[in-house]
Amino acid sequence: LRNPVVEKILNQVVNVTNAILADPEMGRPDEIHIELARELKSDVKSRGRVHRRNMQNRKYNDEVRELLESEFFIKNPTRQDVLRFKLAEESGWVSVYTGKTIPRSALFTSAYDIEHIIPRSRLFDDGFQNKTMCERNINLAKSNLTAMEYMQEQGKEAVQAFELRLKKLAYFGNKPDRPAFDPPKLERLRATRDEGFPEGMVERQLKETQYIAKEAYSRMQGVCRDVFPMAGQVTAFLRRE
(Lines give C-alpha, C1' and ligand atoms only; values in the text may rest on other atoms or scores of the structure.)
Protein backbone atom coordinates (compact mmCIF):
# COMPACT_ATOMS: atom_id res chain seq x y z
CA LEU A 1 0.00 0.00 0.00
CA ARG A 2 1.83 3.10 -1.25
CA ASN A 3 0.21 6.21 0.11
CA PRO A 4 2.06 9.42 1.12
CA VAL A 5 -0.29 10.03 4.05
CA VAL A 6 0.26 6.49 5.35
CA GLU A 7 4.03 6.80 4.96
CA LYS A 8 3.96 10.16 6.74
CA ILE A 9 2.17 8.64 9.71
CA LEU A 10 4.55 5.68 9.93
CA ASN A 11 7.59 7.96 9.63
CA GLN A 12 6.20 10.08 12.45
CA VAL A 13 5.87 6.97 14.62
CA VAL A 14 9.51 6.07 13.95
CA ASN A 15 10.75 9.64 14.59
CA VAL A 16 8.92 9.94 17.92
CA THR A 17 10.18 6.52 19.03
CA ASN A 18 13.78 7.34 18.11
CA ALA A 19 13.56 10.65 20.00
CA ILE A 20 12.38 8.82 23.12
CA LEU A 21 15.13 6.20 22.86
CA ALA A 22 17.77 8.93 22.43
CA ASP A 23 16.64 10.83 25.53
CA PRO A 24 18.81 9.75 28.49
CA GLU A 25 15.99 10.57 30.92
CA MET A 26 13.50 8.38 29.09
CA GLY A 27 15.29 5.58 27.27
CA ARG A 28 13.73 2.30 26.21
CA PRO A 29 10.06 2.02 27.25
CA ASP A 30 8.66 -0.91 29.25
CA GLU A 31 5.57 -1.05 27.05
CA ILE A 32 4.11 0.80 24.08
CA HIS A 33 0.47 1.69 23.42
CA ILE A 34 -0.27 2.65 19.82
CA GLU A 35 -3.09 5.06 19.07
CA LEU A 36 -3.83 6.34 15.58
CA ALA A 37 -4.30 10.10 15.76
CA ARG A 38 -6.06 11.96 12.94
CA GLU A 39 -3.98 15.07 13.63
CA LEU A 40 -0.93 13.38 12.07
CA LYS A 41 -2.64 13.66 8.67
CA SER A 42 -2.81 17.45 8.92
CA ASP A 43 -0.22 20.10 8.18
CA VAL A 44 0.76 22.83 10.64
CA LYS A 45 -1.86 25.32 9.39
CA SER A 46 -4.61 22.71 9.59
CA ARG A 47 -3.64 21.75 13.13
CA GLY A 48 -3.58 25.45 14.05
CA ARG A 49 -7.13 25.88 12.77
CA VAL A 50 -8.24 22.80 14.68
CA HIS A 51 -6.59 24.11 17.86
CA ARG A 52 -8.31 27.51 17.55
CA ARG A 53 -11.65 25.85 16.88
CA ASN A 54 -11.18 23.59 19.90
CA MET A 55 -10.41 26.59 22.11
CA GLN A 56 -13.54 28.38 20.88
CA ASN A 57 -15.59 25.25 21.43
CA ARG A 58 -14.22 24.86 24.95
CA LYS A 59 -15.19 28.44 25.78
CA TYR A 60 -18.67 27.89 24.35
CA ASN A 61 -19.04 24.69 26.40
CA ASP A 62 -18.18 26.59 29.57
CA GLU A 63 -20.79 29.23 28.69
CA VAL A 64 -23.39 26.53 28.14
CA ARG A 65 -22.63 24.86 31.48
CA GLU A 66 -23.10 28.15 33.30
CA LEU A 67 -26.39 28.71 31.48
CA LEU A 68 -27.65 25.21 32.27
CA GLU A 69 -26.92 25.74 35.94
CA SER A 70 -28.48 29.21 36.14
CA GLU A 71 -31.49 28.88 33.81
CA PHE A 72 -32.24 25.15 33.71
CA PHE A 73 -31.16 24.50 37.31
CA ILE A 74 -29.07 21.49 36.30
CA LYS A 75 -26.40 20.93 38.90
CA ASN A 76 -23.06 19.78 37.44
CA PRO A 77 -24.22 19.46 33.80
CA THR A 78 -22.83 16.44 31.97
CA ARG A 79 -21.27 16.40 28.50
CA GLN A 80 -24.56 14.98 27.20
CA ASP A 81 -26.49 17.86 28.78
CA VAL A 82 -24.18 20.36 27.08
CA LEU A 83 -24.48 18.53 23.76
CA ARG A 84 -28.28 18.49 23.91
CA PHE A 85 -28.39 22.24 24.44
CA LYS A 86 -25.86 22.98 21.70
CA LEU A 87 -27.73 20.86 19.17
CA ALA A 88 -31.05 22.49 20.04
CA GLU A 89 -29.48 25.93 19.86
CA GLU A 90 -27.89 25.11 16.51
CA SER A 91 -31.25 24.18 14.97
CA GLY A 92 -33.03 27.22 16.40
CA TRP A 93 -34.93 24.93 18.80
CA VAL A 94 -36.73 23.25 15.91
CA SER A 95 -36.70 19.54 15.04
CA VAL A 96 -35.19 19.35 11.56
CA TYR A 97 -37.32 16.30 10.71
CA THR A 98 -40.74 17.58 11.74
CA GLY A 99 -40.35 21.36 11.84
CA LYS A 100 -41.90 21.36 15.32
CA THR A 101 -40.54 23.51 18.14
CA ILE A 102 -38.40 21.74 20.75
CA PRO A 103 -39.77 22.95 24.11
CA ARG A 104 -37.04 24.02 26.48
CA SER A 105 -38.89 22.20 29.25
CA ALA A 106 -38.72 18.91 27.29
CA LEU A 107 -35.16 19.03 25.98
CA PHE A 108 -33.71 17.04 28.88
CA THR A 109 -36.52 14.47 29.01
CA SER A 110 -36.93 11.11 27.30
CA ALA A 111 -39.15 12.75 24.67
CA TYR A 112 -36.05 13.83 22.71
CA ASP A 113 -32.95 11.99 21.52
CA ILE A 114 -29.52 12.91 20.24
CA GLU A 115 -29.55 11.12 16.90
CA HIS A 116 -26.96 10.35 14.23
CA ILE A 117 -27.81 11.95 10.89
CA ILE A 118 -25.96 9.16 9.07
CA PRO A 119 -26.16 6.03 11.26
CA ARG A 120 -22.87 5.00 12.80
CA SER A 121 -23.28 1.55 11.28
CA ARG A 122 -22.89 3.22 7.86
CA LEU A 123 -20.47 6.05 8.61
CA PHE A 124 -18.18 5.76 11.63
CA ASP A 125 -18.75 9.35 12.66
CA ASP A 126 -19.68 10.19 16.25
CA GLY A 127 -18.84 13.88 15.86
CA PHE A 128 -21.01 16.94 16.37
CA GLN A 129 -21.48 17.38 12.61
CA ASN A 130 -23.24 14.03 12.42
CA LYS A 131 -25.71 14.68 15.23
CA THR A 132 -28.94 16.55 15.74
CA MET A 133 -31.83 16.64 18.22
CA CYS A 134 -35.16 15.08 17.33
CA GLU A 135 -38.23 13.47 18.83
CA ARG A 136 -37.54 9.99 20.18
CA ASN A 137 -40.29 8.41 18.09
CA ILE A 138 -38.69 9.91 14.95
CA ASN A 139 -35.29 8.55 15.93
CA LEU A 140 -36.75 5.07 16.37
CA ALA A 141 -38.63 5.25 13.05
CA LYS A 142 -35.56 6.55 11.22
CA SER A 143 -33.54 3.53 12.38
CA ASN A 144 -30.69 2.77 9.93
CA LEU A 145 -31.65 5.39 7.32
CA THR A 146 -29.86 8.65 6.63
CA ALA A 147 -31.79 11.85 7.28
CA MET A 148 -32.68 12.33 3.61
CA GLU A 149 -33.58 8.68 3.08
CA TYR A 150 -36.00 8.91 6.01
CA MET A 151 -37.57 12.09 4.64
CA GLN A 152 -37.92 10.51 1.19
CA GLU A 153 -39.94 7.72 2.77
CA GLN A 154 -42.31 10.39 4.11
CA GLY A 155 -43.10 11.61 0.59
CA LYS A 156 -42.35 14.44 -1.82
CA GLU A 157 -43.99 17.18 0.26
CA ALA A 158 -42.03 16.12 3.35
CA VAL A 159 -38.76 16.33 1.39
CA GLN A 160 -39.65 19.81 0.10
CA ALA A 161 -40.44 21.02 3.62
CA PHE A 162 -37.22 19.44 4.87
CA GLU A 163 -35.18 21.27 2.20
CA LEU A 164 -36.80 24.58 3.13
CA ARG A 165 -35.83 24.06 6.77
CA LEU A 166 -32.25 23.25 5.76
CA LYS A 167 -31.98 26.41 3.66
CA LYS A 168 -33.31 28.50 6.52
CA LEU A 169 -31.02 26.88 9.07
CA ALA A 170 -28.01 27.32 6.79
CA TYR A 171 -28.26 31.10 6.91
CA PHE A 172 -30.08 32.11 10.06
CA GLY A 173 -28.25 31.00 13.16
CA ASN A 174 -29.52 31.69 16.64
CA LYS A 175 -26.37 33.76 17.21
CA PRO A 176 -24.65 35.83 14.49
CA ASP A 177 -21.21 34.30 15.10
CA ARG A 178 -22.53 30.73 15.08
CA PRO A 179 -24.24 29.71 11.82
CA ALA A 180 -26.99 27.20 12.45
CA PHE A 181 -25.92 24.45 10.04
CA ASP A 182 -22.57 24.68 8.30
CA PRO A 183 -21.70 22.87 5.01
CA PRO A 184 -20.43 19.58 6.54
CA LYS A 185 -23.66 19.10 8.48
CA LEU A 186 -25.80 20.07 5.50
CA GLU A 187 -23.90 17.54 3.38
CA ARG A 188 -24.73 14.80 5.87
CA LEU A 189 -28.37 15.85 6.10
CA ARG A 190 -28.72 15.56 2.31
CA ALA A 191 -26.69 12.35 1.91
CA THR A 192 -28.16 9.15 0.50
CA ARG A 193 -26.59 5.94 -0.73
CA ASP A 194 -27.71 6.68 -4.29
CA GLU A 195 -26.44 10.25 -4.37
CA GLY A 196 -22.85 9.99 -3.31
CA PHE A 197 -22.94 8.57 0.19
CA PRO A 198 -19.21 8.23 1.01
CA GLU A 199 -19.11 4.51 1.76
CA GLY A 200 -16.15 4.05 -0.60
CA MET A 201 -14.22 6.67 1.36
CA VAL A 202 -14.97 4.87 4.60
CA GLU A 203 -13.82 1.55 3.15
CA ARG A 204 -10.56 3.08 1.93
CA GLN A 205 -9.88 4.73 5.28
CA LEU A 206 -10.52 1.46 7.09
CA LYS A 207 -8.03 -0.35 4.87
CA GLU A 208 -5.42 2.35 5.44
CA THR A 209 -6.01 2.29 9.19
CA GLN A 210 -5.70 -1.49 9.32
CA TYR A 211 -2.43 -1.32 7.38
CA ILE A 212 -1.01 1.45 9.61
CA ALA A 213 -1.92 -0.44 12.78
CA LYS A 214 -0.36 -3.69 11.52
CA GLU A 215 2.83 -2.01 10.27
CA ALA A 216 3.31 0.18 13.37
CA TYR A 217 2.70 -2.84 15.62
CA SER A 218 5.33 -4.82 13.73
CA ARG A 219 7.93 -2.03 13.88
CA MET A 220 7.41 -1.32 17.57
CA GLN A 221 7.94 -4.96 18.52
CA GLY A 222 11.58 -4.38 17.67
CA VAL A 223 11.71 -1.71 20.36
CA CYS A 224 9.66 -3.23 23.16
CA ARG A 225 8.25 -6.65 24.02
CA ASP A 226 4.85 -5.38 25.22
CA VAL A 227 3.11 -3.48 22.41
CA PHE A 228 -0.62 -2.80 22.65
CA PRO A 229 -2.66 -1.35 19.75
CA MET A 230 -5.46 0.88 21.05
CA ALA A 231 -8.67 2.24 19.59
CA GLY A 232 -8.66 5.80 18.30
CA GLN A 233 -9.65 8.82 20.41
CA VAL A 234 -8.08 7.40 23.59
CA THR A 235 -6.20 10.67 24.12
CA ALA A 236 -9.41 12.67 23.78
CA PHE A 237 -11.10 10.38 26.31
CA LEU A 238 -8.28 10.72 28.83
CA ARG A 239 -8.30 14.49 28.36
CA ARG A 240 -12.02 14.62 29.15
CA GLU A 241 -11.66 12.36 32.17
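Residues numbered from 1 in each chain as written. Predicted model: local features only at pLDDT ≥ 70, side-chain atom pairs only at ≥ 80, totals over all residues. Heavy atoms only, no water.

1. Considerations on the pattern of salt bridges
Here's step 1: One pass over the full model with this rule turns up 9 salt bridges.
Here's step 2: Taking the shortest distance from any N to any O, the salt bridge between Asp-62 and Arg-65 comes out at 3.2 Å. With Asp-62 and Arg-65 both in helix H2 (residues 44-71) and 3 residues apart, the pair spans about one turn of that helix.
Here's step 3: Of the residues examined, Asp-62 reaches a relative accessible area of 40% and is grouped as partly exposed.
Here's step 4: Two residues, Arg-120 and Asp-126, come together in a salt bridge whose shortest N-O distance is 3.8 Å.
Here's step 5: Relative accessible area serves as the criterion here: at 45%, Arg-120 is assigned to the partly exposed category.
Here's step 6: The class for Asp-126 is partly exposed, based on a relative accessible area of 40%.
Here's step 7: Several salt bridges share partner residues, and in doing so they unite Arg-120, Asp-126 and Lys-131 into one network. (Salt bridge = Lys/Arg side-chain N within 4 Å of Asp/Glu carboxyl O. Helix = DSSP H or I, 4+ residues; strand = E, 2+ residues; numbered from the N terminus. Buried < 20%, exposed > 50% of the residue type's maximum accessible area, 1.4 Å probe, protein only.)

2. Points about the nonpolar core
Here's step 1: In this structure, Val-96, Tyr-97, Met-151, Phe-162, Leu-166, Phe-181 and Leu-189 are the most contacted members of the largest nonpolar core, which totals 21 residues.
Here's step 2: Contributing elements (two or more residues each) for this core: helix H5 (147-154), helix H6 (156-171) and helix H7 (183-189).
Here's step 3: In this structure Met-151 touches Tyr-97, Ala-158, Val-159, Phe-162 and Arg-165, once residues within four positions along its chain are discounted.
Here's step 4: Listed in part, the 17 residues of the second largest apolar core include Val-64, Ile-74, Trp-93 and Ala-106. (Core = buried A, V, L, I, M, F, W, Y, C linked by side-chain atoms within 4.5 Å. Contact = heavy atoms within 4.5 Å.)

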